[in-house]
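Structural overview for review
The residues making up each chain are set out below.
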Amino acid sequence: MGYQDVYDSWKSDPEGFWMQAAEAIDWEKKPSKALSDLGDNMYEWFADGMTNTCWNAVDRHVENGRGEQTAIIYDSPITHTKREITFVELRNRVATLAGALRAKGVEKGDRVIIYMPMIPEALEAMLACARLGAVHSVVFGGFAANELAVRIDDAKPKAIIAASCGLEPGRVVHYKPLLDGAIDLADHKPDFCVIFQREQEVAELKEGRDFNWHGFQYGVEPADCVPVEGNHPAYILYTSGTTGAPKGVIRHTGGQLVALNWTMKNIYNVDPGDVFWAASDVGWVVGHSYICYGPLIHGNTTIVFEGKPVGTPDPGTFWRVIEEHKVKTFFTAPTAFRAVKREDPTGEYVKKYDLSCLEQVFLAGERADPDTIVWAQDQLQKPIIDHWWQTELGFPGVCNPVGIELLPVKLGSPSVPLPGYEMKIVDDAGNELPRGELGAIVTPLPLPPGTFPNLWNAEDRYKKSYLTNFPGYYETGDAGMIDEDGYLYIMARTDDVINVAGHRLSTGGMEEVLADHPDVAECAVIGVSDSLKGQMPLGFLCLNAGTEKPHDEIVKEVIKLVREKIGPVAAFKLCCVVDRLPKTRSGKILRGTMVSIADGKEYKMPATIDDPAILDEIKLALQGLGYAKG
Ligand code: COA
Ligand code: AMP
């Protein structure tokens, strides 16, 4: 069957399509039906089935004769370590860890925050939670104590599992002080913490609250998998929205199992036993779906890579890992390829390695610029597949489905909608626009299994952010167009979310931090184009009247403040002081116009602008930072 046949078979019977995909999952009790309509545009999948994620990702492979197959390859050029864990070892390790968590009171439905770097123990912690039916929430290691505290207060975890440190090139990231700081800041306090002590840094443990990862597992009874309902939350993953308060995306157990398993062959073109590598981080959705769950559920070997595309030690790292571990499908972010291309434009490092095992490469997380795709095509001589998805969705919505059929690649487009999605372009009033016209990207409800059924503790926000503007549709927050062949083109976000080196960040969140500085009266943060990271945040500050402190000092202070409050991953380094911000007569800051000026693009003078002269002042300030050159 080609793509069109598969897509049509979904369209003619969506529930039958997903019920059939559910056959590939082990159920303690099969779901009696696929979809439950809860009314008011709320839906759930496989709600009355009973299953367990860890069973499907680990134990069943042992039962089915894959016990000796490598489940996880840990490759850390930062620590010069390599390690392999088979499915049987993984099962034993996870069962013991789950047993130890249970002995300390963690049960089905309890939340557990995981704050760990790219080490196999991060996956083991996730799987141990899944084994018990506990709901994990992984927090990215680049986030600061304040961000962690916000998540602790929202998720209210019974336990936190953390590592003593993370490792960035040339820098140890001291996780334990960040964790302690977050717990101090948060109103909610976990019952206990489990600390994995890395040899690079042994953290001090707080008597009575903190337990050593190894010590606390000693002598415990391993835990069996606890069957949970198909609509039981598997995890919460916080992602950036328009404000500083992150959105807690919920993933349900049954839908995630069915959808991720389906994608491994149909999209990523791997069979059980093949090696699949997503070079992302467990703190992001790509890490959840395609470092941990997807490959393991499907019986693939996954790679936990603790390193960077360049500098660990050179731009050949990706190719070395692919050759050494026989990677069949590789998934990374365009920014990572831009980093490699910048250091090795002619592919000298590519030539050093035998990449015959590699069959296809997938890119996601941000727009894949045609230059980068062409460079990768030239160097690797393999299909380079751009695909589009979001934390909310959990797996790709628009993709060239290589495992079904490799469709013609169109540069700049992630290709066509997958089963479950029917992308439409609409105007502000929700009218569908003709092919080739730019508008908001929406897809009809219900979303397919494996996507988010709700936001944690925030049903109103869920409905308001995603379901209200275009009734009957899911609003993606992206704008774009569809061409005459049905290929989608993603052009921009429609909200204040920016994408920095594949990391999704909220400019609203950064503005909240800037506004906290005592000398700042008003501020705005925009995302300007960056040739390496895609976008970079850039802040404008208007100071209180009578502020005497030198401007450059205030700029340095707010840059430090964003790093402390949000984290280094915000990459907030560009900031300037201006007298006024350009606004509409109703007081809305014209961020879009400022972005166009910064990027040197043509822009129309907004008809509602309060005072056009301000734009000249903004341009001058931007030129001072090396932007607005056009
Ligand atoms: N823990 C702690 N700090 C982290 C971190 C982590 N897990 N990840 C990044 N940081 C820090 C970096 O050390 C850097 O700190 P610095 O300001 O002191 O230099 C800062 O956050 C910004 O990081 P980043 O934007 O990633 O830039 P970089 O210069 O370190 O690396 C790239 C640039 C392109 C090589 C890198 O961003 C990359 O590999 N990106 C791929 C992104 C990706 O996989 N995204 C997932 C979606 S698929
Ligand atoms: P995240 O939730 O971090 O995965 O970020 C999702 C957002 O990243 C999307 O809404 C898009 O704005 C952007 N994005 C992800 N993949 C792509 C892609 N292939 N092309 C363009 N933008 C993308």
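Remember, it's a predicted structure, so these values are computed and weren't measured experimentally.

Scoring rules and cut-offs
- Residues numbered from 1 in each chain as written.
- Chains lettered and ligands numbered in written order.
- Predicted model: local features only at pLDDT ≥ 70, side-chain atom pairs only at ≥ 80, totals over all residues.
- Heavy atoms only, no water.
- Helix = DSSP H or I, 4+ residues; strand = E, 2+ residues; numbered from the N terminus.
- Rg over C-alpha atoms; globule rule 2.2 N^0.38 Å.
- Buried < 20%, exposed > 50% of the residue type's maximum accessible area, 1.4 Å probe, protein only.
- Contact = heavy atoms within 4.5 Å.
- Areas by Shrake-Rupley, 256 points an atom, 1.4 Å probe, with all protein chains shown as cover.
- Lys, Arg positive; Asp, Glu negative; His and termini not counted.
- Charge placed at Lys NZ, Arg CZ, Asp CG, Glu CD.
- Core = buried A, V, L, I, M, F, W, Y, C linked by side-chain atoms within 4.5 Å.
- Pairing = 2+ DSSP bridges.
- Axes fitted to C-alpha atoms, helices over the stretch in contact; angles between N-to-C directions.
- Near = heavy atom within 4 Å.
- Polar contact = N/O pair within 3.5 Å; in protein donor to acceptor, adjacent residues only side chain to side chain.
- Nonpolar A, V, L, I, M, F, W, Y, C, P; charged D, E, K, R; others polar.
- UniProt positions renumbered as here; feature names shortened; annotations may be inferred.

This paragraph deals with the overall build of the chain. In terms of helices and strands, the chain carries 18 helices and 31 strands. At 24 Å, the chain has a C-alpha radius of gyration in line with the 25 Å of a compact globule built from 630 residues. Taken along the three principal axes of its C-alpha coordinates, the chain extends 70 × 60 × 55 Å. Taken over 630 residues, the chain has a buried fraction of 61%. Partitioning the contacts of the chain with sequence separation of at least 6, the portion at a separation of at least 24 is 71%. Approximately 23,800 Å² of the chain is accessible, and the part contributed by carbon and sulfur atoms is 49%. The averaged location of the 88 negative side-chain charges in the chain is 2 Å from the averaged location of its 62 positive side-chain charges.

What follows concerns the nonpolar core. By size, the foremost hydrophobic cluster in this structure holds 183 residues, and its most contacted members are Leu101, Met116, Leu127, Tyr290, Phe331, Phe540 and Leu541. Element by element, the count of residues in this core is highest for helix α5 (residues 120-132), at nine residues. Apart from residues no more than four positions distant in its own chain, leucine 101 is found in contact with Val106, Ala128, Leu132, Ile161, Phe192, Val194 and Phe216. If you look at the next biggest cluster of nonpolar residues, it comprises 28 residues, including Phe318, Trp319, Val327 and Ala376.

What follows covers the sheet that holds strand β20 (residues 384-386). Taken together, the seven strands give an open sheet; going across it, the order is β5-β4-β17-β16-β18-β19-β20, and neighbouring strands pair in mixed fashion. The open sheet has two edge strands, β5 (81-86) and β20, and neither has a second partner. Each strand axis lies, on average, 20 degrees off the axis of its neighbour in the sheet, ignoring direction. Sheet topology places strand β16 (residues 275-278) next to strand β17 (residues 301-305); two bridges connect them, and they run parallel.

A separate point is the sheet that holds strand β26 (residues 488-493). The antiparallel open sheet is built from four strands, whose spatial order is β23-β24-β25-β26. In this open sheet, the two strands that pair with only one neighbour each are β23 (424-426) and β26. Within this sheet the neighbouring strands show an average axis-to-axis angle of 55 degrees, counted without direction.

Surveying the vicinity of ligand 1 reveals 24 residues, the closest of which are Glu168, Arg171, Lys533, Arg563 and Lys573. In the model, a nitrogen atom of ligand 1 is placed 3.3 Å from a nitrogen or oxygen of the glycine 142 main chain. Lysine 533 has a polar side-chain atom sitting 3.0 Å from an oxygen atom of ligand 1. Counted by class, the shell around ligand 1 contains eleven nonpolar, six polar and seven charged residues.

UniProt annotation of "domain: AMP-dependent synthetase/ligase" (unreviewed entry) refers to residues 64-442 when read in the numbering used here. The span residues 64-442 shows a helical share of 31% and a strand share of 24%, and its end C-alpha atoms are spaced 41 Å apart.

The next subject is the site of ligand 2. Surveying the vicinity of ligand 2 reveals 14 residues, the closest of which are His387, Thr391, Asp478, Arg493 and Arg504. Within the backbone of glutamate 366, one N or O atom sits 3.4 Å away from a nitrogen atom of ligand 2. At a separation of 2.7 Å, a nitrogen atom of ligand 2 approaches a polar backbone atom of histidine 387. When the free accessible area of ligand 2 is taken as 490 Å², the share hidden by the protein chains comes to 92%. A breakdown of the residues in the shell around ligand 2 according to their chemical character gives three nonpolar, five polar and six charged.

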